[in-house]
Amino acid sequence: MRRLKINDVRTILTAPDGIRLVIVKVVTNKPNLYGVGCATFTQRPLAVATAVEEYLKPFLIGKDPDQIEDIFQSSLVSSYWRNGPVLNNALSGVDMALWDIKGKRADMPVYQLLGGKCRHAAALYAHASGHNFEEVTNNVRNYIEDGYHYVRAQIAISGYSTYGVRGKSRGRRTQQPISSGQRHTFEPTAYVNTVLQLFDHLRTELGYDIELLHDVHERIPPIQAITLAKGLEKYRLFFLEDPFAPEDIEYFRILRHQTSIPIAMGELFSNPNEYLPLIKDRLIDFIRVHLSQIGGLSMGRKLAAMCEFFGVRTAWHGPGDVSPVGHAANLALDLACHNFGIQEQHKFKEATRRVFLGCPEIRDGYLWPNDTPGLGIDIDEKLAAKFPFPKDPLGGGWEPIRKPDGTVIRP
Ligand code: MG
């Protein structure tokens, strides 16, 4: 029998919902045997495509796709400099595609290769937001009526560019930026005050049985994040996400001694040295990493196993800039890992669901697998080509958020 080998590695760039997605396709010499993986880094997608096409492709052609661990380890060190964004995204896409191939060869869904299901489906958290307390409350209530048990609540701060809220903030600008033409302005004190009032309102209106979450998105100075976390403790959140930036992780040690609020962290992490100290010292409760950033399923399954021993639960990053292929990889781990915590939901629009065949199904607040061998998802390349990246002078990069005096802050 002919030896199985990798014949081609390529990227598919598509944006059916207007979000730049990077998919890696690994093609073998066996007819119709290929795998797909998610390498999405939506702010720098072309850099990832270059890393795949110019560097990983020549390195991998002719190799045995069954040797996932060897390909992971040898690709990681072939650049010598490693474990940063871009190269890790490229490697993640290849790694997921290899797991997809192995599942197809075994005629099993990938979650079977990881040990099999320990739950029927993955509980989801939905995103509720609004421009005032009533709007946020009503949006949370709608999700409860739809069967959700976990809802993230975010609120617009009038006049400011606030994370996690759709549409423009209404109402009077509380503080004019001193430079005209400054578009995205944010002030941490108004945000902290409003979020504390929001959760008081939500608990008064909805009681304590619904699980509520909130994402700070590393926006505020660390000492203000501690004030916020302590103030929110009595509202019993399921978790508070990213109270600090990755550059400020030593603050978790300080925070942990002052409050028992559950903490989720990690969507920006690339290097294991960023998350290992937080896990081994039990300073966080949920790991939020982006599978398409840390090295794919191979790193995801090792990380989940390590977290299990330290009482840390998984909450893999799952917004719209994780492709449906990435969501399928998240779900494989959600089903197979005992220490699953929660899965972030993203409802892909019709166009994306036509490009990606076999998207996991969202039903009654849960994400359900389709049980097709491999990751259970494929891409219609011809249709994907009809959704090129949107024209944008920054190519997907974010414009800075600034304080009213013009100082750049974290996004
Ligand atoms: Mg987040």
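About the cut-offs
- Along each chain, residues carry numbers from 1 onward, in the same order as the chain's sequence is written.
- Given that the model is predicted, a residue must reach a pLDDT of at least 70 before its local features are reported, and side-chain atom pairs must reach 80 or more before they are shown or counted; all residues, however, enter totals for whole chains, interfaces and linings.
- Processing note: side-chain calculations cover all non-hydrogen atoms of the structure and skip hydrogens and water entirely.
- Using a 1 Å grid laid over the protein atoms alone, points where a 1.4 Å probe fits but cannot get out form a cavity; open sets with protein on both sides within 12 Å along at least 5 of 7 lines form a pocket; any residue with an atom within 4 Å of a point counts as lining.
- Grid points are joined across faces, edges and corners, and a volume is the space filled by probe spheres set on the points.
- Numbering goes from the N terminus for both helices and strands, where a helix is a DSSP run of H or I of at least four residues and a strand is a run of E of at least two.
- Here a Phe, Tyr or Trp ring, Trp counted by its six-membered ring, pairs with any other such ring whose centre lies within 6.5 Å, and the pair is stacked when the planes are under 30 degrees apart, edge-to-face when over 60, and tilted otherwise.
- When a residue's accessible area, from a 1.4 Å probe over protein chains only, is under 20% of the maximum for its type it is buried; when over 50% it is exposed; and in between it is partly exposed.
- Nonpolar core, defined: a set of buried Ala, Val, Leu, Ile, Met, Phe, Trp, Tyr and Cys residues in which side-chain atoms within 4.5 Å join the residues together.
- Any two residues whose heavy atoms approach within 4.5 Å are treated as being in contact.
- Disulfides are defined as cysteine sulfur pairs within 2.5 Å.
- When DSSP finds at least two bridges between two strands, those strands are taken to pair.
- For Na, K and Ca the donor cut-off is 3.2 Å, while for other metals it is 2.8 Å, and in both cases only N, O and S atoms qualify; water is not among them, so sites may look incomplete.

Draft legend 1. Local environment of empty space enclosed by the protein. In total, this model carries 1 cavity of 30 Å³ or more according to the counting rule given. Within this model, the largest cavity holds a volume of roughly 120 Å³. In terms of lining residues, the largest cavity is bounded by 16 residues, among which Ala328, Leu331, Pro369, Asn370 and Leu375 are the most central. Only α4 (110-113) and α12 (324-336) provide two or more residues apiece to the lining of the largest cavity. Here the lining of the largest cavity gets 4 residues from one element, more than from any other, and that element is α12.

Draft legend 2. Fine view of the packing of aromatic side chains. Here the structure, examined in full by the defined rule, presents 12 aromatic pairs. The interplanar angle of 90 degrees and the centroid separation of 5.8 Å between the aromatic rings of Tyr125 and Phe239 together place this pair among those described as edge-to-face. With Tyr125 in strand β4 (residues 122-130) and Phe239 in strand β7 (residues 239-241), this residue pair connects regions lying 114 residues apart in the sequence. Like Tyr125, the residue Phe239 is buried in the burial classification. When the ring of Tyr150 is compared with that of Phe238, the centres are 4.9 Å apart and the planes differ by 70 degrees; the resulting orientation is edge-to-face. With Tyr150 in strand β5 (residues 150-155) and Phe238 in the loop between α7 (222-232) and β7, the pair connects residues that are 88 residues apart, well separated along the chain. Residue Tyr150 shares its accessibility class with Phe238, and that shared class is buried.

Draft legend 3. Quick look at the environment of Lys386. Looking at the secondary structure, you find Lys386 in the loop between α14 (381-384) and β16 (401-402). Judged by its relative accessible area of 64%, Lys386 is exposed. Residues Lys386 and Ala15, spaced 371 residues apart in sequence, show a C-alpha to C-alpha distance of 8.9 Å.

Draft legend 4. How the structure looks around the nonpolar core. The biggest cluster of nonpolar side chains holds 123 residues, and the ones touching the most others in it are Phe199 and Ile287. In contact with Phe199, other than residues within four places in its own chain, are Ala153, Leu212, Leu213, His214, Leu232, Tyr235 and Leu237.

Draft legend 5. Seen up close, the state of the cysteines. Going through the model one piece at a time under the given rule, you end up with 0 disulfides. No disulfide involves Cys38; its sulfur sits 12 Å from the nearest other cysteine sulfur, which is in Cys359. By relative accessible area, Cys38 is classed as buried at 0%. In this structure Cys118 is a free cysteine whose sulfur lies 7.1 Å from that of Cys337, the closest cysteine sulfur available.

Draft legend 6. Just the pairing of strand β2 (residues 21-28), in detail. Burial analysis of β2 places 7 of its 8 residues in the buried class, the great majority of the element. Two elements, strand β1 (residues 6-14) and β2, share 8 bridges in a ladder whose sense is antiparallel. Within β2, the position partnered with Thr11 by the bridge is Val24. What sits between the antiparallel neighbours β1 and β2 is a turn of 6 residues, in which Gly18 has the positive phi angle 85 degrees. Where β2 meets strand β3 (residues 34-38), 5 bridges bridge the pair, whose relative direction is antiparallel. Each bridged residue has a counterpart across the sheet, and for Val24 the counterpart in β3 is Gly37. Counted between consecutive antiparallel strands, the loop separating β2 from β3 contains 5 residues, among which Asn32 sits at a positive phi close to 65 degrees.

Draft legend 7. Focus on the coordination of the magnesium ion. The magnesium ion binds to the protein through Asp215 (OD), Glu241 (OE) and Glu267 (OE); the donor distances cover 2.1 to 2.3 Å. When the donors of the magnesium ion are listed by position in the chain, the intervening gaps give D-x25-E-x25-E. Here the residue Asp215 occupies a position in strand β6 (residues 211-215), and Glu267 occupies one in the loop between β8 (263-265) and α9 (272-280), the gap between them amounting to 52 residues. With respect to burial, Asp215 and Glu267 carry one shared label: buried.

Draft legend 8. Seen up close, unusual backbone geometry. Of note in the backbone geometry, Val86 takes a positive phi value of approximately 75 degrees without being a glycine. Among the structural elements, Val86 can be located in the loop between α2 (68-78) and α3 (87-106). At Arg236, a position not held by glycine, the phi torsion is positive, near 50 degrees. Examined against the element boundaries, Arg236 turns out to sit in the loop between α7 and β7.

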